[in-house]
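Structural characterization, general
Read off the chains here:
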Amino acid sequence: HRRRRRREGRCQVKPEFLKVRSLPTPKWCLFAVALFFVIGLVCTFVWGLGPDRDVTEATIGLPLMIASIVFGVWMVGVEFGQKTLRQVLTADPRRGRLVISKLLTIIIVVTLVTILFHLIAAPLFSIGASQHDQTLSMEYLARTGASSLVTNLLYALLGASFALLAASMAGGMTIALAFFFVFAGALKAIPKAGDFMLSSVNVEIFQKIVGTELAGTDVEVHLVQAILVSAVWVAAFVGLSSYRFLRNDID
């Protein structure tokens, strides 16, 4: 019985990976990240890393973050956008399992891609930096990679929950971009409450992982609180959107 359930779980995730491999949006996300990676590598060989290693953040960290948001929204919104959700649920009506499969796929893909690009960056960007008497330590890339992974997973999962709440890929993308690039900064400015906003605790986690000197910030870090607050944000949005999906009819 356990073996059958494990096989069913794998079978449920397999179609999601098939969509990732065959549909264009993940390929375009990967292409965009790779393009910025190459641009950053060329800039490193020609001009160096910049005074604060700005090249790596601008051409690896930021593109990976945006691609994670887009991928998270797409992963959940693709059936809404293509009007194929009813067929998917006809084949397997277990909505909860569908949501879990999509979230697992997001976690696996975002983790693998983030690690892959930082592993490739380690030797290549180091060689480019050495041409300008600069160094790019493996510790720096490992720390920034770990921080990037945390941010990318958080943003991808929240993006997925926005698409599920909106029951629309376009709506989910609009909400995600507005939330991360407009509302997050505004909410952070609220006295007292701003300390518990996702952008605030994300800065604390980032500083704890990479260190004060590399982060360029000197905020007071409450790591356990920051982790718990981040988990609550993700759990709240994923839980609310999943509840709505489980209860509402499919158009």
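Let me sum up the structure you'll find in this document. Source: prediction; values computed, not measured. (Residues numbered from 1 in each chain as written. Predicted model: local features only at pLDDT ≥ 70, side-chain atom pairs only at ≥ 80, totals over all residues. Heavy atoms only, no water.)

What follows concerns the overall build of the chain. What the chain contains, in helices and strands, is 10 helices and zero strands. Across the chain, helices and strands are ordered from the amino to the carboxyl terminus as α-α-α-α-α-α-α-α-α-α. Computed over the C-alpha atoms, the radius of gyration of the chain is 20 Å, within 12% of the 18 Å expected from 2.2 N^0.38 for a compact globule of 251 residues. With the principal axes as the frame, the chain shows a C-alpha extent of 60 × 45 × 35 Å. For the chain, buried positions account for 43% of its 251 residues. When contacts within the chain are restricted to residue pairs at least 6 apart in sequence, long-range pairs at least 24 apart make up 76% of them. Summed over its atoms, the accessible surface of the chain is roughly 13,700 Å², and 67% of this surface lies on carbon and sulfur atoms. (Helix = DSSP H or I, 4+ residues; strand = E, 2+ residues; numbered from the N terminus. Rg over C-alpha atoms; globule rule 2.2 N^0.38 Å. Buried < 20%, exposed > 50% of the residue type's maximum accessible area, 1.4 Å probe, protein only. Contact = heavy atoms within 4.5 Å. Areas by Shrake-Rupley, 256 points an atom, 1.4 Å probe, with all protein chains shown as cover.)

Turning our eyes to something else, we now look at the pattern of salt bridges. The tally for this structure, following the rule as stated, stands at six salt bridges. Across the salt bridge formed by K19 and E16, the nearest N and O atoms sit 3.4 Å from each other. In this pair, K19 and E16 both sit in helix α1 (residues 2-22), three residues apart, roughly one turn of the helix. Residue classification places E16 among the buried positions, given a relative accessible area of 2%. One salt bridge in this structure joins R143 and E139, with 3.0 Å as the shortest N-O distance. Here R143 pairs with E139, and both are found in helix α6 (residues 138-166), just four residues apart, close to one helical turn. For R143, a relative accessible area of 31% gives the class partly exposed. (Salt bridge = Lys/Arg side-chain N within 4 Å of Asp/Glu carboxyl O.)

Our focus in this paragraph is unusual backbone geometry. With phi around 60°, K83 is a residue other than glycine that occupies positive phi space. Relative to the helices and strands, K83 is located in the loop between α3 (54-82) and α4 (85-91). A positive phi angle, close to 55°, is found at D133, a residue other than glycine.

Next up on the list: the nonpolar core. Of all hydrophobic cores here, the largest spans 44 residues; its most connected members are F71, I106, F180, L198 and F245. Among the secondary structure elements, those contributing two or more residues to this core are α3, α4, α5 (95-130), α6, α7 (169-188), α8 (198-210) and α10 (223-247). For this core, the element with the most residues is α6, which contributes 11 residues. Look past the residues within four positions of I106 in its chain and what remains in contact with it is F71, G72, M75, A156, L157 and A160. (Core = buried A, V, L, I, M, F, W, Y, C linked by side-chain atoms within 4.5 Å.)

Moving on, we get to the packing of helix α2 (residues 24-47) against α3. Where α2 meets α3, the closest approach of the two axes is 9 Å, and the angle between their N-to-C directions is 175°. Considered as vectors, α2 and α3 are oriented roughly antiparallel to each other. Between α2 and α3, the residues in contact are T25, P26, C29, V33, F36, F37, G40 and T44 and V55, T59, I60, P63, L64, A67, V70, F71 and W74, respectively. (Axes fitted to C-alpha atoms, helices over the stretch in contact; angles between N-to-C directions. Parallel < 35°, antiparallel > 145°, perpendicular 65-115°, else oblique.)

Attention shifts here to the environment of V99. Note on placement: V99 falls in helix α5. Between the C-alpha atom of V99 and that of I115, which follows or precedes it by 16 residues, the distance is 24 Å. Non-local contacts of V99, meaning those with residues more than four positions away in its chain, are made with L164, S242 and F245.

All right, on to the packing of aromatic side chains then. In total, this model carries 13 aromatic pairs according to the counting rule given. Between F179 and W233, the ring centres sit 5.9 Å apart and the planes meet at 55°, which makes this aromatic pair tilted. Here the residue F179 occupies a position in helix α7, and W233 occupies one in helix α10, the gap between them amounting to 54 residues. Judged by its relative accessible area of 18%, W233 is buried. An aromatic cluster is built from Y155, F162, F179, F180, W233 and F237, whose rings are joined through pairwise contacts. Here the basic side chain of R95 rests over the ring of F245, its NZ or CZ set 5.5 Å away from the ring centre. (Phe/Tyr/Trp six-rings, centres within 6.5 Å; stacked < 30°, edge-to-face > 60°. Lys NZ or Arg CZ within 6 Å of the ring centre and 35° of its normal.)

Nonpolar side chains collect at one region of the surface, where V38, V42, F45, V46, W47 and I127 lie side by side and expose about 600 Å² of accessible area between them. The element contributing the most residues to the nonpolar patch is α2, with five residues. (Patch = residues over 30% accessible without salt bridge, like charges linked within 9 Å, V, L, I, M, F, W, Y side chains within 5 Å.)

Given 3.6 residues per turn, any residue in an α-helix points the same way as the ones three and four places further on. For α7, spanning 20 residues, the distance from its first C-alpha to its last is 27 Å, which sits close to the expected 28 Å at 1.5 Å a residue. The largest bend along α7 reaches roughly 45° and is located at F179. Burial in α7 covers these residues: G172, M173, A176, F179, F180 and A184. Put simply, S168 is the residue that caps the front of α7, since its side-chain oxygen is 3.3 Å from the backbone nitrogen of A170. (Expected span 1.5 Å × (residues − 1). Bend = angle between axes of the 7 residues up to and from the residue. Polar contact = N/O pair within 3.5 Å; in protein donor to acceptor, adjacent residues only side chain to side chain.)

From the geometry alone we can't say anything about function, so treat these as descriptive.
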